[in-house]
Amino acid sequence: MGVIAWDTLFLKVDDQTKPRFIEAGGTPFRYEKDAGKVIEMSYITPPPEAMESEAEMVQWARLALA
């Protein structure tokens, strides 16, 4: 599962997959709510190199679906 926001792809993560996305250079989906409170969603960008490689993107997309 994924979301596109601000022209950026974010893939769904959970407690098990989030560390892998972060270690690979992914950026969490965050936005500012009332009074400057920052909300972090359970979505992270795939690593930058995955955006250039279909084979790598498939691996990250499968991980997001798992």
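Criteria and cut-off values
- Residues numbered from 1 in each chain as written.
- Predicted model: local features only at pLDDT ≥ 70, side-chain atom pairs only at ≥ 80, totals over all residues.
- Heavy atoms only, no water.
- Helix = DSSP H or I, 4+ residues; strand = E, 2+ residues; numbered from the N terminus.
- Expected span 1.5 Å × (residues − 1).
- Buried < 20%, exposed > 50% of the residue type's maximum accessible area, 1.4 Å probe, protein only.
- Arc of directions from axis to C-beta.
- Contact = heavy atoms within 4.5 Å.
- Pairing = 2+ DSSP bridges.
- Phe/Tyr/Trp six-rings, centres within 6.5 Å; stacked < 30°, edge-to-face > 60°.

Enquirer: Please give an account of helix α2 (residues 54-65) that cites residues and values.
Expert: Taking 1.5 Å per residue, 12 residues should reach 16 Å; α2 reaches 16 Å between its end C-alpha atoms and fits that length. For α2, the complete set of buried residues consists of M57, W60, L63 and A64. On an axial view of α2, the arc spanned by its buried residues comes to 120°, and they lie on one face. For α2, the exposed residues set more than 90 degrees away from the buried face come down to E54, A55, Q59, R62 and L65. On its buried face, α2 sits against β2 (8-12) and α1 (18-23).

Enquirer: Run through the environment of R20, naming residues and quoting values.
Expert: By secondary structure assignment, the location of R20 is in helix α1. For R20 and L63, which are 43 residues apart along the polypeptide, the C-alpha to C-alpha distance reads 9.6 Å. If we skip the residues at most four places from it in the chain, R20 touches W60 and L63.

Enquirer: Kindly report on the pairing of strand β1 (residues 2-5), identifying the contributing residues and their values.
Expert: Strand direction decides the pairing type here: β1 and β2, joined by four bridges, are antiparallel. Across the sheet, V3 pairs through a bridge with F10, a residue of β2. Linkage of β1 to β2, two consecutive antiparallel strands, is achieved through a turn of two residues, within which W6 is found at a positive phi near 55°.

Enquirer: Tell me about the packing of aromatic side chains, and name the residues and values.
Expert: Using the criterion set out here, one finds five aromatic pairs in the structure. Judged by centre distance (5.1 Å) and plane angle (40°), the rings of W6 and F29 are tilted. Residue W6 is located in the loop between β1 and β2, and its partner F29 is located in strand β3 (residues 28-32); the two are separated by 23 residues in the primary sequence. The exposure class assigned to W6 is exposed, which follows from its relative accessible area of 58%. A relative accessible area of 12% means that F29 is categorised as buried. On the basis of an interplanar angle of 65° and a centroid distance of 4.8 Å, the ring pair of F21 and W60 is categorised as edge-to-face. Taken together, the residues span a long stretch of sequence, with F21 in helix α1 and W60 in helix α2 at a distance of 39 residues. Pairwise contacts between aromatic rings join W6, F10, F29 and Y31 into one cluster.

Just geometry here; none of it tells us what the structure is for.
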